[in-house]
Amino acid sequence: MNNSNTFLIDLNDASIEEKKKYFIERTANHPLLSKTYLEIREKIRESAGGKIYLVYGPTGVGKSTLYNKLKNTVTKSHQMTNVHSSLIPIVGLELPAPDNGKFNWKDFYRRILREMNEPLIDKKIKKDHHPKKFIPNYLPSTAPELRESLENSIIYRETKIILLDEAQHLLKVASGKNIQDQMDALKSIANLTGAIIVMFGTYELMDFFDLNGQLGRRTEEIHFPRYNINVKEEADAFINVIATFQTHIPLKNNSDLSSHWEFLYERSIGCIGILKEWLDNCVKEALNNNENSITIKLLEKHAPTPKKVLKIANEVLDGEKNVKDMENQRSLLRDKLGLNKLSKVSAESSKKKGKDVGKRNPTRDIVGIVEDGA
Ligand SMILES: Nc1ncnc2c1ncn2[C@@H]1O[C@H](COP(=O)(O)OP(=O)(O)O)[C@@H](O)[C@H]1O
Ligand SMILES: [Mg+2]
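This one's a predicted model, so the numbers in the text were calculated from it and none came from an experiment.

With that settled, the discussion passes to the pairing of strand E4 (residues 161-165). When you tally the buried positions in E4, you get five out of five residues, the bulk of the element. Neither face of E4 is exposed, since Ile161, Leu163 and Asp165 on one face and Ile162 and Leu164 on the opposite face are all buried. Pairing of strand E3 (residues 90-94) with E4 involves five bridges; the strand directions are parallel. In the strand pairing of E4, Glu94 is matched with Asp165. As defined by bridge partners, E4 adjoins strand E5 (residues 196-201) across four bridges and the pair is classed as parallel. Within E5, the residue paired with Ile161 across the bridge is Ile196.

Now the structure itself:
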């Protein structure tokens, strides 16, 4: 049987480095990624501005990938439709790890201003729309003068969306009271500028919720979960992602990853980013050693260790439990207020009228993967 990988015809003459690059750059647009992406897009579209979204999920689930996807698509669509190249509709920043265990606001403002190309800002743009000067009463620890520059830049540049990756770094402060200050600083940026802030981070981000009831109104959470093998659709989707990556492996023969799905799940706990990094390492080594396919031996060699995976799994299970608790509390609250009953009644009545608004088609979703390499 001819086992050659026909998909990669145009890579046959490519160098090893080009082949590595090809595989590393493949991004699978898998169902949980596209679902979370669409959820954020939808919320951004509907939002009146001034809101903060917290997108949290496991390490290696693909949060930074999602952050980049959002940043790239919004930037691209702006470039295609907009005449003012000086306007920056979306800015993104990976929050730096804290200095001496403490989040550094000055550094944050400098970085984000640099990201907005602040020195080149043409003060003439939108001069007429320049808002009244804010006289904010900020805490010195959050660098008020730099914050004001940022607020002005956001207004000049007509920035609508600010993305912050690794946002759990904001929590690296001494006490709960200080965490509150961190959130307040962001809330006031969102408030004064009308921009939407989307924060991406680990489940630690959920600590923001525990601190402030008021957070609720202006802040919304979005969960980016891993694949749960106990849910049939998710297990199928995970296996589909493996099959997709398999077809893109730039080696002479087909690699049989699909039959090792259980091992691949065990060490990735259903996080596509962990899976992909692992496969990247296998592909690199196979190419370096002139091997024809990815063998189970190679998979085992590059598998994250059980110790490491267990540590991640414990954090993730804790995070998922918090998400579940929060959902249950919400449901309990709605129960107590009679809102759950009310929505049941309205669903019944719309059913009678033949309007099954929220009801989904009974057939299973197609979990096809659209590959969209960079
Ligand atoms: N859908 C995907 N397809 C291909 N590679 C992915 C995908 N999601 C994540 N990765 C890769 O996995 C690695 C970890 O993903 P990342 O987005 O950094 O995870 P997180 O930010 O949640 O920790 C990165 O190298 C990234 O390119
Ligand atoms: Mg990340």
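Moving on to the packing of aromatic side chains. Enumeration over the complete set of coordinates arrives at 11 aromatic pairs. Judged by centre distance (5.4 Å) and plane angle (85°), the ring pair of Phe263 and Trp278 falls under edge-to-face. With a gap of 15 residues between them, Phe263 in helix H10 (residues 261-268) and Trp278 in helix H11 (residues 272-288) connect regions that are remote in the sequence. Taken as a pair, Phe263 and Trp278 share a single burial class, namely buried.

With that settled, the discussion passes to the nonpolar core. Counting 92 residues, the largest nonpolar core has Leu164, Val198 and Met199 as the members making the most contacts within it. Two domains each provide a minimum of three residues to this core, namely domain 1 (31-223) and domain 2 (310-345). Leu164 has contacts with Tyr67, Leu93, Leu95, Phe108, Ile112, Leu186, Ile197, Val198, Met199 and Phe200, leaving out every residue within four places of it along the chain.

Backbone geometry places Glu158, a non-glycine residue, at a positive phi of 55°. Tracing the chain through its elements places Glu158 in the loop between helix H5 (144-156) and E4. The exposure class of Glu158 is partly exposed, given its relative accessible area of 24%. Even without a glycine there, the phi angle at Asn290 is positive, about 60°. Within the secondary structure, Asn290 sits in the loop between H11 and helix H12 (296-302). On the basis of relative accessible area, Asn290 is assigned to the exposed category, the value being 67%.

Axis separation between H10 and H11 bottoms out at 9 Å; the angle between their running directions is 115°. Of the possible angle classes, the one that applies to H10 and H11 is roughly perpendicular. In the packing of H10 onto H11, the handedness of the crossing is right-handed. For the pair H10 and H11, the contacting residues are Phe263, Leu264, Arg267 and Ser268 in the first and Ile274, Leu275, Trp278 and Leu279 in the second. Considering only residue class, the contact of H10 with H11 consists of six nonpolar, one polar and one charged.

This structure, assessed with the given rule, holds 14 salt bridges. The partner of Glu17 in a salt bridge is Lys20, and the shortest N-O contact between them spans 3.1 Å. Of this pair, Glu17 and Lys20 are both found in helix H1 (residues 16-25), three residues apart, which corresponds to roughly one turn of the helix. Judged by its relative accessible area of 10%, Lys20 falls in the buried class. Note that Glu327 and Lys324 form a salt bridge whose closest N and O atoms lie 3.9 Å from each other. Of this pair, Glu327 and Lys324 both sit in helix H13 (residues 306-336), three residues apart, which is roughly one turn of the helix.

Of all residues adjacent to ligand 1, which total 18 residues, the nearest are Ala28, Gly60, Lys63, Ser64 and Thr65. Within the contact set of ligand 1, an oxygen atom lies 2.7 Å away from a backbone nitrogen or oxygen of Lys63. One nitrogen or oxygen atom from the side chain of Thr65 is found 2.6 Å from an oxygen atom belonging to ligand 1. When the free accessible area of ligand 1 is taken as 550 Å², the share hidden by the protein chains comes to 81%. Of all the secondary-structure elements, those providing two or more residues to the shell around ligand 1 are helix H3 (63-81) and H11. Tallied by class, the residues present in the shell around ligand 1 amount to six nonpolar, eight polar and four charged.

Calculation criteria
Residues numbered from 1 in each chain as written. Chains lettered and ligands numbered in written order. Predicted model: local features only at pLDDT ≥ 70, side-chain atom pairs only at ≥ 80, totals over all residues. Heavy atoms only, no water. Buried < 20%, exposed > 50% of the residue type's maximum accessible area, 1.4 Å probe, protein only. Helix = DSSP H or I, 4+ residues; strand = E, 2+ residues; numbered from the N terminus. Pairing = 2+ DSSP bridges. Phe/Tyr/Trp six-rings, centres within 6.5 Å; stacked < 30°, edge-to-face > 60°. Core = buried A, V, L, I, M, F, W, Y, C linked by side-chain atoms within 4.5 Å. Domains from an automatic or database assignment. Contact = heavy atoms within 4.5 Å. Axes fitted to C-alpha atoms, helices over the stretch in contact; angles between N-to-C directions. Parallel < 35°, antiparallel > 145°, perpendicular 65-115°, else oblique. Left-handed = near helix turned anticlockwise from the far one by under 90°. Nonpolar A, V, L, I, M, F, W, Y, C, P; charged D, E, K, R; others polar. Salt bridge = Lys/Arg side-chain N within 4 Å of Asp/Glu carboxyl O. Near = heavy atom within 4 Å. Polar contact = N/O pair within 3.5 Å; in protein donor to acceptor, adjacent residues only side chain to side chain. Areas by Shrake-Rupley, 256 points an atom, 1.4 Å probe, with all protein chains shown as cover.

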